[in-house]
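Structural characterization, general
The primary structure of each chain is shown beneath.
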Amino acid sequence: MRILVTGGAGFLGSHMCDRLIAEEHHVIVLDNLITGSSDNLAHLRDHKNFSFIQHNISHPIYFGDKIDVVLHMASPASPNPDSPYGYPRLPIQTLKAGAFGTHNALGIARAHKARFLLTSTSEVYGDPLVHPQREDYVGNVDPIGPRSMYDEAKRFAEAMVMAYHRSHGVDTRIVRIFNTYGPRMRLDDGRVVPNFICQALSGQPLTIHGEGKQTRSFCYIDDLIEGIYRLLFSELPEIHLPVNIGNPTETNMLELASIINRLTGNTAGIERQPSGRVLTDPERRRPDITRAREWLGWEPRISLDDGLRSTIEDFKHRL
Ligand code: UDP
């Protein structure tokens, strides 16, 4: 199949491209490289089934040759206001990628009668009042809060996907991705796993925001890609409804820090940082993956220790 991947130069996008190429699909990546990096695709550049177009999907683009599948993965995704790649520093680009970008990507799918998949996010649940989060929980999002440019962009994107499905009959999928980590994350991405690994590898204390009791559930990239791949090619009648893909094991930031310090042999410990972010950080986040289990036969297989080991190895080579 000829598969268009917006945001294909990003962390998730580039791993998705690897999988699609391995399955012998033709891949066309669209990326404006504001948060993605061509380094992530350097190994695919000369592959016969691969091509790259530097373009911002928030602006229309037309393809003559048939496209069979559109994967709309383009968006800034780090919540860290201190990172140049964080969406708080790119608020308008983030809103446009979710709104105009999704509209344009759906337009391509409609014109080509292609299947469409949106990578959405657990952030559509906001600071959730229900645990774990099932897909039918409608969320607790502040429309003008510090994460609103991302959360509302993705909520709008989901609404747009459902509108194209219901009004134009486009064959759509929505995956809600929970915290994911792995090789190729930007060293200065600002999210907790890359931050902690960079600090640990340079012998510094790991910066814990607040008490460190806030939890996340961390999914290794290979598990995530397997889930998205199964969702994309599932033919169940209800498959246009959103599906959570993430790891249901909850870990708090103190536990995460101690695992990373152990795996890297870092003896500098931790350092508590009174962070403004703590006030706006979701306290807990954990997916209910019943749908993914029942519809896709999917669940994560890679332990946090094993996933972090591979991620640390990758970071060692790039630091
Ligand atoms: N965090 C931390 N130290 C850091 C970076 C992040 O304690 O150096 C915390 C952050 O406050 C949040 C959690 O780790 O509670 C996960 O943050 P991340 O930026 O990875 O993404 P989020 O899950 O909040 O979208």
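What this report covers is the structure whose coordinates are included nearby. Here the structure is a predicted model, which is why all the values come from computation and not from measurement. (Residues numbered from 1 in each chain as written. Predicted model: local features only at pLDDT ≥ 70, side-chain atom pairs only at ≥ 80, totals over all residues. Heavy atoms only, no water.)

The next thing to look at is the overall build of the protein chain. Tallying secondary structure elements over the protein chain gives nine helices and 13 strands in all. The C-alpha atoms of the protein chain give 19 Å as radius of gyration, which agrees with the globular expectation for 319 residues (20 Å, within 12%). With the C-alpha coordinates of the protein chain rotated into their principal frame, the extents come out at 55 × 45 × 40 Å. Of all 319 residues assigned to the protein chain, the portion counted as buried reaches 56%. Intrachain contacts of the protein chain at a sequence separation of at least 6 include 80% that bridge at least 24 residues. Just so you have it, the protein chain exposes about 13,700 Å², and 51% of that area is on carbon and sulfur atoms. One way to put it: in the protein chain the 35 positive side-chain charges average out to a point 2 Å from where the 38 negative ones average out. (Helix = DSSP H or I, 4+ residues; strand = E, 2+ residues; numbered from the N terminus. Rg over C-alpha atoms; globule rule 2.2 N^0.38 Å. Buried < 20%, exposed > 50% of the residue type's maximum accessible area, 1.4 Å probe, protein only. Contact = heavy atoms within 4.5 Å. Areas by Shrake-Rupley, 256 points an atom, 1.4 Å probe, with all protein chains shown as cover. Lys, Arg positive; Asp, Glu negative; His and termini not counted. Charge placed at Lys NZ, Arg CZ, Asp CG, Glu CD.)

What follows concerns the pattern of salt bridges. Scanning all chains against the criterion turns up 24 salt bridges. Notably, a salt bridge pairs aspartate 18 with arginine 184, separated by 2.7 Å at the nearest N-O pair. Of this pair, aspartate 18 sits in helix H1 (residues 11-22) while arginine 184 sits in the loop between strand E7 (180-181) and helix H4 (192-201), and the two are 166 residues apart along the sequence. For arginine 293, the salt bridge is made with glutamate 299, and the minimal N-O distance between the two is 2.8 Å. Exposure remark for arginine 293: the relative accessible area of 42% places this residue in the partly exposed category. (Salt bridge = Lys/Arg side-chain N within 4 Å of Asp/Glu carboxyl O.)

Burial analysis of strand E6 (residues 172-177) places six of its six residues in the buried class, the great majority of the element. Burial of E6 is two-sided: the residues Thr172, Ile174 and Arg176 facing one way and the residues Arg173, Val175 and Ile177 facing the other way are all buried. Inspection of the sheet shows strand E5 (residues 115-121) paired to E6 by six bridges, in the parallel sense. Each residue of the ladder has a partner; that of phenylalanine 116, found in E6, is threonine 172. One ladder, built from three bridges, connects E6 with strand E11 (residues 243-245); its direction is parallel. Across the sheet, residue isoleucine 177 finds its bridge partner in E11, namely isoleucine 245. (Pairing = 2+ DSSP bridges.)

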